[in-house]
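# Structure at a glance
So you can see what is in the structure, the chains are spelled out below.
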Amino acid sequence: MKAKKFFTKQRAALALATVMMVSIIAGVFAANTSPTFSDVPTNHWAYSYVERAAEHGWVNGVGNGKFGAENQITYAEMSVMLMRAFYPDTLSYWGGSPDAEWFEPYTAEMALMGLDNGTKADIDYKATAYEPINRYETAQMIYNFMKYDEDVDLNYNAASVQAGISDWASVPSNYREAVTAVVASGIITGVDSKGTFNGNGVMTRAQAAAMMCRAVDVMGEGVSTLNPDATETPAPSETPTGSGLGQKLSSGATAAAGVKEQIGKDDAYPTYGHSDVVSNNGYFTGAPNTDIGNAQLVYEFLDWVNEARVAEGHEALTWVTSDAAEEHTLQRCYELVSDFSHERPEGKFAAEVCAEGYIAPSFAFEGWMNSPGHKQTLMGDKYKYLSAARAGNYWIICVWSDSGIKRAETWAHTNYDYSSLKG
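Residues numbered from 1 in each chain as written. Predicted model: local features only at pLDDT ≥ 70, side-chain atom pairs only at ≥ 80, totals over all residues. Heavy atoms only, no water.

## Brief notes about the overall build of the protein
Rules: The numbering of helices and of strands both runs from the N terminus, where a helix is a DSSP run of H or I of at least 4 residues and a strand a run of E of at least 2. For every residue, the accessible area obtained with a 1.4 Å probe (protein chains only) is divided by the maximum for its type, and the residue is called buried under 20%, exposed over 50%, and partly exposed between those limits. Residues count as neighbours in contact if any of their non-hydrogen atoms are within 4.5 Å of one another. Exposure was quantified through the Shrake-Rupley algorithm and a 1.4 Å probe, taking into account, for residues, occlusion by the shown protein chains and nothing else.
A count of helices and strands for the protein gives 13 helices and seven strands. A burial count over the protein gives 50% of its 423 residues as buried. The long-range share in the protein, meaning contacts at least 24 apart out of those at least 6 apart in sequence, stands at 67%. Counting only carbon and sulfur atoms, one obtains 52% of the accessible surface of the protein, whose full area is about 19300 Å².

Put into structure tokens, the structure is as follows:
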């Protein structure tokens, strides 16, 4: 785990001094290069900030080689800047329409993470997208990001910070925590020598670029939503036989190269077929037409579940070794997209925990661990195997017994449907 970041008054001052020094040095070196944007020349006060933000991909221009330095920044632009700087990897989980507006992948994921809480965007991020965002709302967004990072410790003398804000008495109660935090950290500064916050005022794009650089200096760039401690099991050095769907490794395991590429199968977690007939997905199951949509396997859950199980005195699980169990997990996950329910008229083969709306596996797992019922399922001692998948923002973990796997293999030829027995 990363070291905690403390926002004492002394640290804030030191951070600002560091930012100023970096900016001065950047300006010295940048003087010998051409500016990226014609409206932010090398002698512009925000030149070093804008260049840095553009270099890291946090901001883009507005067209015709201009940055739009004096344009008022909008909710959409601010949201995109923040998500690009701190959670760029979450965008890979965007499952919306390809025809969505340019900002929607960012604002939608931001909303799912709760990073727009307490702002007008939380009510309707599409309706507010092109509205200028004021300094109060900006402070709230920044504060949400600060709170979201568990390694940020908001440790400061609130009374001292607030005493330095000349218009503190007029700061609305719902913004007071956020204003205190962003001022204490030096991310947003006063608009004059008196420390006036001027929360109803708006920011220009140049001012926002400067603020972004200060925020990154304080919080760090590109926070990962994936587990940094997860380990990868080295894949065996086997060569698949054949080509196309339905390939096997020399061990007899179904080859990752022989199933649909979208599945993301890893040969380090071998599964074996019970049939000589290859399914439409490349598994040796005999399933004639099992629809898995856009589902793909998620191996990270195995390590996280086992860590939790062992910590509570339960035996670790292993990844399923059955083609049928793995293929059905993908099928079951895709079924959740159209019917988010534990009920399955075609019949159940495994116990399961499901989730929707989460943008990363770590968030879904945290949700399950915080739910007593879901956690109880994952800690069950009658299960020996695990499989997991996602389809967009829908997630599933299946836990299996030997009898459940045998039943899935038996009914694979009907696309995992044994409803005929229930009649």
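On we go.
## Overview of the packing of helix 2 (residues 47-55) against helix 8 (residues 205-219)
So the rule is basically this: Inter-axis angles, ranging from 0 to 180 degrees, are taken between N-to-C directions of lines fitted to C-alpha atoms, where helices are fitted over the stretch in contact. Throughout this description, any angle smaller than 35 degrees is read as roughly parallel, any larger than 145 degrees as roughly antiparallel, any in the 65 to 115 degree range as roughly perpendicular, and the remainder as oblique. Definitions for this section: a left-handed crossing has its near helix turned counterclockwise from the far helix by less than a right angle. A right-handed crossing has that turn clockwise.
The N-to-C vectors of helix 2 and helix 8 enclose an angle of 65 degrees; their axes lie 8 Å apart at closest approach. By the angle between their directions, the pair helix 2 and helix 8 is classed as roughly perpendicular. Two packed elements cross with a definite hand, and for helix 2 against helix 8 that hand is left-handed. Seen from helix 2, the contacting residues are Tyr49, Val50, Arg52 and Ala53; seen from helix 8, they are Ala209, Ala210, Cys213, Val216 and Asp217.

## Notes on helix 13 (residues 402-410)
The line we're drawing: In this description, the arc belongs to the directions extending from the helix axis to the C-beta atoms.
Residues of helix 13 that are buried: Gly404, Ile405, Ala408 and Glu409. The buried residues of helix 13 occupy an angular sector of 140 degrees when the element is viewed end-on, so they sit on one face. Where helix 13 is buried, its residues contact helix 10 (323-338), strand 6 (385-391) and strand 7 (394-400).

## Focus on the side chain of Ser322
The line we're drawing: Counting of polar contacts relies on pairs of N or O atoms within 3.5 Å, with two restrictions inside protein: one atom must be capable of donating a hydrogen and the other of accepting it, and residues adjacent in sequence are counted only when both atoms are side-chain atoms.
For Ser322, the location among the structural elements is in the loop between strand 4 (318-319) and helix 10. Look at Ser322 and you get buried, because its relative accessible area is 3%. Of the polar contacts made by the side chain of Ser322, one reaches the backbone nitrogen of Ala325; its length is 3.2 Å.

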